[in-house]
Amino acid sequence: MESLRRDIGLVLESERRRFQTVAEAATDSNTACQQPKRSVLTSSERGRAFRARWKQYETTLQRQVDELRRQVADLEARESIWHSIRLQRRHDTHGSLVKLVHKYYTMFQDSTNAMALEDRRGRLSSALLKIHRLQEEFLDRVMDPDVVAGDLVGPRAIMEQWHQYSKSHAQFSGKITRITVSGPEENPMVLLQATATGIITTTTFRMLFPGVLATQRHDLIDKFLHQRVSYDISIRYLFADDGRICAELVEIGFLHGLLRITGRIQDAAALMDASAISSYSTVRASRALAP
């Protein structure tokens, strides 16, 4: 019995090994069948394959270039639109620079005339003193500390000129006729054109034309005294990088204004020769007569 069991075990082991050998052979055969045979391409086939790949590359590249061009065109259009908006906001008749210049002129034109009237009466009210302080604060905010106006430097010197002109005429007033903007966005210039009117008094001769009193030119005094005069004014404003006024170029048509009174160029020229007005249309206080 024991010998029979041993023989059966040997037979079973032999069959197991044979089955394993057949299975491994079948697996190797199946794997070999699954591997494709490498085919050798002809030169024509390789050429066609290369041209196909190159065509695909060109198509992809052209698509990318077209997309980049579209993006560039879109960015350029947006830049143009925003530049126009910025230019319009700053440079048109409703732009910030125009509003600043308009507010500056009207603030000083209206309130300075009232201050001059009160000052001549010798009783500057607390309300007008407050206006004076507001004017100083306004100039400090909108003007560069080293702003230049002809032969003057600084906001306080410019403010004093406003007071000088307001006190030099009776019923002094002004009216803006036009405001325009020119120049590039980064360096604009605002041109304000206005008309100032007033009545010539003895104070006018003392402050603006002191030479007439010094030489006792009564003939000129009689022709111009108590006459209403109108001056054409042009003021060019330049701006610093921070948007504040850095230069103020003033031109006041004194000669033409005086000429309209008598119609004689000799009279107007004689009055200008006796004036304390500089070539920058500023009043040279050193040449004016003391009250």
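Up top you'll find the structure we're talking about.
Residues numbered from 1 in each chain as written. Predicted model: local features only at pLDDT ≥ 70, side-chain atom pairs only at ≥ 80, totals over all residues. Heavy atoms only, no water.

Novice: Just to check I follow, could you spell out the nonpolar core for this structure?
Specialist: Most often, soluble globular proteins keep nonpolar side chains buried together rather than apart. Judged by nonpolar contacts, the single largest core of 49 residues is most densely connected at Tyr-104, Leu-192, Phe-205, Tyr-237 and Leu-258. Look past the residues within four positions of Tyr-104 in its chain and what remains in contact with it is Phe-138, Leu-139, Met-143, Ile-158, Trp-162, Tyr-237, Ile-245 and Glu-248. (Core = buried A, V, L, I, M, F, W, Y, C linked by side-chain atoms within 4.5 Å. Buried < 20%, exposed > 50% of the residue type's maximum accessible area, 1.4 Å probe, protein only. Contact = heavy atoms within 4.5 Å.)

Novice: Would you mind going over the pattern of salt bridges with me for this structure?
Specialist: Two side chains of opposite charge can pair, provided their charged atoms sit close to one another. Going through the model one piece at a time under the given rule, you end up with eight salt bridges. Here Arg-217 ties to Asp-219 by a salt bridge, and the two come within 3.0 Å at their closest N and O atoms. Overall, the relative accessible area of 38% leaves Asp-219 in the partly exposed class. A salt bridge links Arg-244 to Asp-242, with the shortest nitrogen-to-oxygen separation between them at 3.1 Å. Since its relative accessible area comes to 24%, Arg-244 is described here as partly exposed. (Salt bridge = Lys/Arg side-chain N within 4 Å of Asp/Glu carboxyl O.)

Novice: In this structure, what is going on with helix H10 (residues 265–273)? I would like to understand it.
Specialist: What sets the pattern is the α-helix's 3.6 residues per turn: residues three or four places apart point alike. For H10, the complete set of buried residues consists of Asp-267, Ala-268, Ala-270 and Leu-271. Looking straight down H10, one finds that the buried residues subtend no more than 160° of arc, so they occupy a single side. In this fold, the buried residues of H10 make contact with helix H6 (202–207), helix H7 (210–214), helix H8 (218–224) and helix H9 (254–262). (Helix = DSSP H or I, 4+ residues; strand = E, 2+ residues; numbered from the N terminus. Arc of directions from axis to C-beta.)

Novice: I'm lost on the packing of aromatic side chains in this one. Help?
Specialist: Where two aromatic rings form a pair, the distance of their centres and the angle of their planes describe that pair. Counted under the stated rule, the structure contains seven aromatic pairs. Grouping aromatic residues by their ring pairs yields a cluster made of Tyr-104, Tyr-105, Phe-138, Trp-162 and Tyr-237. (Phe/Tyr/Trp six-rings, centres within 6.5 Å; stacked < 30°, edge-to-face > 60°.)

Novice: Any chance you could explain the pairing of strand E6 (residues 245–252) here in plain terms?
Specialist: The side chains of a regular strand alternate, residue by residue, between the two faces of the sheet. With two bridges joining them, strand E1 (residues 143–149) and E6 adopt parallel strand pairing. Across the sheet, the residue bridging to Met-143 is Ile-245, located in E6. Judged from the seven bridges that link them, strand E5 (residues 228–239) and E6 form a sheet pairing that is antiparallel. The residue of E6 that forms the bridge with Arg-236 is Leu-249. Two successive antiparallel strands, E5 and E6, enclose a turn made up of five residues, where Gly-243 displays a positive phi of approximately 90°. (Pairing = 2+ DSSP bridges.)

Novice: When you look at the side chain of Thr-203 in this model, what are you seeing that I'm missing?
Specialist: By secondary structure assignment, the location of Thr-203 is in helix H6. If we skip the residues at most four places from it in the chain, Thr-203 touches Lys-167 and Ser-168.

Novice: Please explain the sheet that holds strand E3 (residues 169–182) as it appears in this structure.
Specialist: Adjacent strands of a sheet form backbone hydrogen bonds with each other and so pair up, either parallel or antiparallel. Spatial strand order, E2-E1-E6-E5-E4-E3: six strands in an open sheet with mixed pairing. Two strands close off the open sheet at either side, each with one partner strand: strand E2 (152–153) and E3. Where H9 meets the sheet, its contacts fall on strand E4 (189–200), E5 and E6, and the angle it forms with E5 comes to roughly 165°. (Axes fitted to C-alpha atoms, helices over the stretch in contact; angles between N-to-C directions.)

Novice: What am I meant to see in a nonpolar patch on the surface here?
Specialist: Together, Phe-50, Trp-54, Tyr-57 and Leu-61 line one region of the surface with nonpolar side chains, adding up to about 440 Å² of accessible area. Mapped onto the elements of the fold, Leu-61 is located in helix H2 (residues 43–91). (Patch = residues over 30% accessible without salt bridge, like charges linked within 9 Å, V, L, I, M, F, W, Y side chains within 5 Å. Areas by Shrake-Rupley, 256 points an atom, 1.4 Å probe, with all protein chains shown as cover.)

Novice: Even after reading the chapter, I still don't get H9, so can you show me in this structure?
Specialist: Buried residues of H9: Phe-254, Gly-257 and Leu-258, and no others. The arc enclosing the buried residues of H9, seen along the axis, measures out at 95°, which places them on a common side. One or two residues past the end of H9 sits Gly-263, with phi positive at roughly 75°.

Novice: Would you mind going over the side chain of Thr-204 with me for this structure?
Specialist: Positionally, Thr-204 belongs in helix H6. Residue Thr-204 is classed as buried on the basis of its relative accessible area, which comes to 0%. Side-chain polar atoms of Thr-204 contact the backbone nitrogen of Thr-201, separated by 2.9 Å. Dropping the residues within four chain positions of it, Thr-204 is found in contact with Ser-168, His-169, Ile-199 and Phe-209. (Polar contact = N/O pair within 3.5 Å; in protein donor to acceptor, adjacent residues only side chain to side chain.)

Novice: Can you help me understand the packing of H9 against H10 in this one?
Specialist: Running from N to C, H9 and H10 cross one another at 135°; their axes reach a closest spacing of 8 Å. Taken as axis vectors, H9 and H10 run oblique relative to one another. Crossing of H9 over H10 shows right-handed handedness. Residue-level inspection shows Phe-254, Leu-255, Leu-258, Leu-259 and Thr-262 of H9 in contact with H10, the latter providing Ile-265, Asp-267, Ala-268, Ala-269, Leu-271 and Met-272. Grouping the constituent residues of the contact of H9 with H10 by class yields nine nonpolar, one polar and one charged. (Parallel < 35°, antiparallel > 145°, perpendicular 65-115°, else oblique. Left-handed = near helix turned anticlockwise from the far one by under 90°. Nonpolar A, V, L, I, M, F, W, Y, C, P; charged D, E, K, R; others polar.)

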